[in-house]
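Understanding the architecture of this molecule
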Amino acid sequence: MALRSVWNPSKLEVVAENGAVTAMQPPSAEAGMAMLKAGGNAVDAAVAMAFCNIVLEPYMATIAGMGYMLVHMAGEGKTYAIDFNGRAPRAAHTDMYNVIGAAPAGGIQLFDVEGGANQDGPLSITVPATCAGLCEAHSRFGSLPLEQVVEPSVALASDGFHSNWHLTLYTANNPEMFGKDSYIASMWMPEGRAPRSHPQPGEKVVQRELGDLLRKISKQGAAAMYEGEVADEIGRYMRDSGGVLTAQDLHDYKPGVSPPLTVPYLGHEVAIVPTPSGAMTNMQVYRMLENLGVANMQHNSVEHLHAFIQAARHAYADRFRYLGDWEHADVPLAGMLSEEYAGEMADLIRDSGRADIGVGMDEEPWAHYLDRAEHDPWQHQGGKVGASVPRAAMDSNDEDTTHINVVDKDRNAVSTTHTGFFGSGQNPPGTGVYLVGGMAWFIPMAGYANSLAGWKRPLNNMAPVMVFKDGRPMLCQGAPGARRIMNRGVQVVSNVVAFGMSPQEALVQPTVDASGRETLVDARIPEDVVQGLRDLGHLVKVVEEEPGMTGNFSRPSAIAIDYETGLIHAGVDAFRPAIALGY
């Protein structure tokens, strides 16, 4: 019995025979569906949608951003991980910034620096990766011509698209971000205000230079951006602006392609891209939850949520202490993901019975654990230095956020998250490129696994996954949402795998997030459960999710494949314009 009304929405679950897509913006999903209906495969659809995303929501993901993609090719029976994580320019170093202190909860950066120089301005820019990653995926696994795949995004940029309520709200609430750069303001606030979405059709947003760049990419591939005049202009602009990114950095950038990294979970395999990411942290949580017997617990009971919060907080303690780019730092990844280590931490949770980690701190966990080792995964590393992860055997050089899921008629599948918003204020004129302030993902101080260094990959929050049963993908899932991507991703996957829910049911369930000092608890969770968590010592803050720009929790989407019925089920976030389409 409720004594106070709260938001509790859902959307109709899409059920389809042939194929399905999910995207955060409807025109993107429509482009993906058009590819499938034209005979393209899941990769064609995902690449078309991703290029549309950089047109429709560059405040979430731009062409110069970064991301990760999982691709399953059913005919081969193989799954591939495409790592188009960004990199710091080769000339980057920690002395570029004057550190002020730990960043507040909810954002992407770990530490604030003077003038916000690691997220705004010329010294914030990471090497553009999204365009290279999408072109790599298409060249290896796509079936339609690239020109056909990129065409919908060319049209959206060159001819413009109508503003929806989400864009109006986002722009109206961020006038400084959209208005601080005259180039961005000329397209996104041409009348000096947010574009109107009512009455429909809304006012148009036109990005002709981006359209020109996309047209070149459709004909030349990634070379249109990473070689020649566009790369040279980016290098010149950065040099004149006082940045350290060079044209050579663009020439040298190549995505990595490798097998995925997997861990077992309740009779399934969870697969991720082996790169410094939020998914790495989630793998530890899956391991602990299985040890704790999560499938035998009542969903969202005090017992269940206590176990989840404790597992998440133990994993975060390791994340902020040990994780970083293992190409540049020693990371005990094999130990962190080992069965023995998970059992050890599960025993700690069981033996305590209370909230005894991540509580009573005066600072956020990313600052608290930086110099504190809560556990010792090196004991389970097996004497190996660095990480035991798949190598990029297929590399072509001998090497805010959005999410997409696709499954096609042949049951090829894609799960991809990409990010990088245009708020850096660095947009080389005439190129159509919005550069990304991705240096904020690094620790701007020396001596840590995730410390800034030249050509290093940042520790990001994204966590696209595929879940397999008997060698076949049964779930694609991911979300935007900064640091809060991680916890909700585990809960959605668990809702399907452990509690037998369909995708739409799984991702609209009341949720919790333990990524900050306080544990955020969805207002839909019963008061007796909330009090039960408080009685166990959890520092709880009850928050209500509602329609808005982002939210208190991440915004998940998922597609499940039912091989017994032959049907595909797709679900999306209920509070934003996200959409699932099927045929």
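Above: the structure in question.
To start, this report covers the structure provided alongside it. (Residues numbered from 1 in each chain as written. Predicted model: local features only at pLDDT ≥ 70, side-chain atom pairs only at ≥ 80, totals over all residues. Heavy atoms only, no water.)

Counted residue by residue, strand β3 (residues 66–73) has eight buried out of eight residues, so it is predominantly covered. Burial along β3 is two-sided: the residues Met66, Tyr68, Leu70 and His72 and Gly67, Met69, Val71 and Met73 are all buried. Alignment of β3 against strand β13 (residues 413–419), held across seven bridges, turns out to be antiparallel. Among the inter-strand pairings, Gly67 is bridged to a residue of β13, identified as His418. Relative to strand β4 (residues 78–84), β3 runs antiparallel, the two being bridged by seven bridges. (Buried < 20%, exposed > 50% of the residue type's maximum accessible area, 1.4 Å probe, protein only. Helix = DSSP H or I, 4+ residues; strand = E, 2+ residues; numbered from the N terminus. Pairing = 2+ DSSP bridges.)

Moving on to the sheet that holds strand β11 (residues 268–272). With antiparallel pairing, the seven strands of this open sheet are ordered in space as β1-β20-β19-β15-β14-β11-β10. Sheet topology places β1 (14–16) and β10 (261–265) at the edges, where each strand pairs with a single neighbour. Along the sheet, successive strands turn relative to each other by an average axial angle of 20°, direction set aside. Pairing analysis gives five bridges linking strand β14 (residues 465–469) to strand β15 (residues 472–478), with the strands arranged antiparallel. Looking at the pairing, Lys469 lines up with Arg472 of β15. Against the sheet, helix α12 (residues 278–292) engages β10 and β11, with an angle of about 20° to β10. Those strands touched by helix α17 (residues 485–497) are β10, β11, β14 and β15, and its axis lies near 145° from that of β15. (Axes fitted to C-alpha atoms, helices over the stretch in contact; angles between N-to-C directions. Contact = heavy atoms within 4.5 Å.)

So, on to the packing of α12 against helix α13 (residues 302–322). For the pair α12 and α13, the least separation of the axes is 9 Å and the interaxial angle reads 140°. Considering their axes alone, α12 and α13 lie oblique with respect to each other. Read as a crossing pair, α12 and α13 show a hand that is right-handed. Counted together, Gly278, Thr281, Gln284, Val285, Met288, Leu289 and Leu292 of α12 and Ala307, Phe308, Ala311, Ala312, His314, Ala315, Tyr316, Asp318 and Arg319 of α13 form the full contact between these two elements. Each residue belonging to the contact of α12 with α13 can be placed in one class, and the counts come to 10 nonpolar, four polar and two charged. (Parallel < 35°, antiparallel > 145°, perpendicular 65-115°, else oblique. Left-handed = near helix turned anticlockwise from the far one by under 90°. Nonpolar A, V, L, I, M, F, W, Y, C, P; charged D, E, K, R; others polar.)

Here the focus is the pattern of salt bridges. For the structure shown, the criterion picks out 20 salt bridges. One salt bridge connects Arg457 with Glu327, and the closest N-O pair in it is separated by 3.8 Å. Look at Glu327 and you get partly exposed, because its relative accessible area is 42%. Close ionic contact of Arg350 with Asp347 constitutes a salt bridge, the shortest N to O distance being 2.8 Å. Pair noted here: Arg350 and Asp347 are both in helix α15 (residues 339–352), with a separation of three residues, about one helical turn. Asp347 sits in the partly exposed class, given a relative accessible area of 35%. Salt bridges sharing common partners tie together Asp83, Arg87, Asp325, Glu327 and Arg457. (Salt bridge = Lys/Arg side-chain N within 4 Å of Asp/Glu carboxyl O.)

Let us now look at the sheet that holds strand β18 (residues 540–543). Read from one edge to the other, the open sheet built from three strands follows the order β16-β17-β18, with strand pairing classed as mixed. Either end of the sheet is taken by a strand with one partner, and the two such strands are β16 (512–513) and β18.

Before going further, it helps to spend a moment on the nonpolar core. Counting residues in hydrophobic clusters, the biggest one holds 176 residues, and the most contacted among them are Trp188, Leu214 and Val406. Among the elements that make up this core, the one with the highest residue count is helix α2 (residues 42–56) (13 residues). Ranked by size, the runner-up nonpolar core spans 10 residues in total, among them Met96, Val113, Ala117 and Phe442. (Core = buried A, V, L, I, M, F, W, Y, C linked by side-chain atoms within 4.5 Å.)

Bringing unusual backbone geometry into the picture now. The step from His198 to Pro199 runs through a cis peptide bond, and the omega angle for that step is -5°. Mapped onto the secondary structure, Pro199 falls in the loop between α7 (182–188) and β8 (204–205). Between Gln200 and Pro201 the backbone carries a cis peptide bond, its omega angle lying at 0°. For Pro201, the location among the structural elements is in the loop between α7 and β8. The backbone phi angle of Arg411 is positive, close to 70°, even though this residue is not glycine. By the element assignment, Arg411 lies in the loop between β12 (402–407) and β13. On the basis of relative accessible area, Arg411 is assigned to the buried category, the value being 13%. Even without glycine at this site, Asp470 takes up a positive phi of about 55°.

As a packed pair, α12 and α17 sit with axes 9 Å apart at the nearest point and diverge in direction by 45°. Comparing their axes, α17 and α12 come out oblique. Along this stretch, α12 crosses α17, giving a crossing that reads as right-handed. Between α12, through Gly278, Thr281, Asn282, Val285, Tyr286 and Leu289, and α17, the contact on the second element is made entirely by Met486, Asn487, Gly489, Val490, Val493 and Ser494. Split by residue class, the contact of α12 with α17 holds six nonpolar, six polar and no charged.

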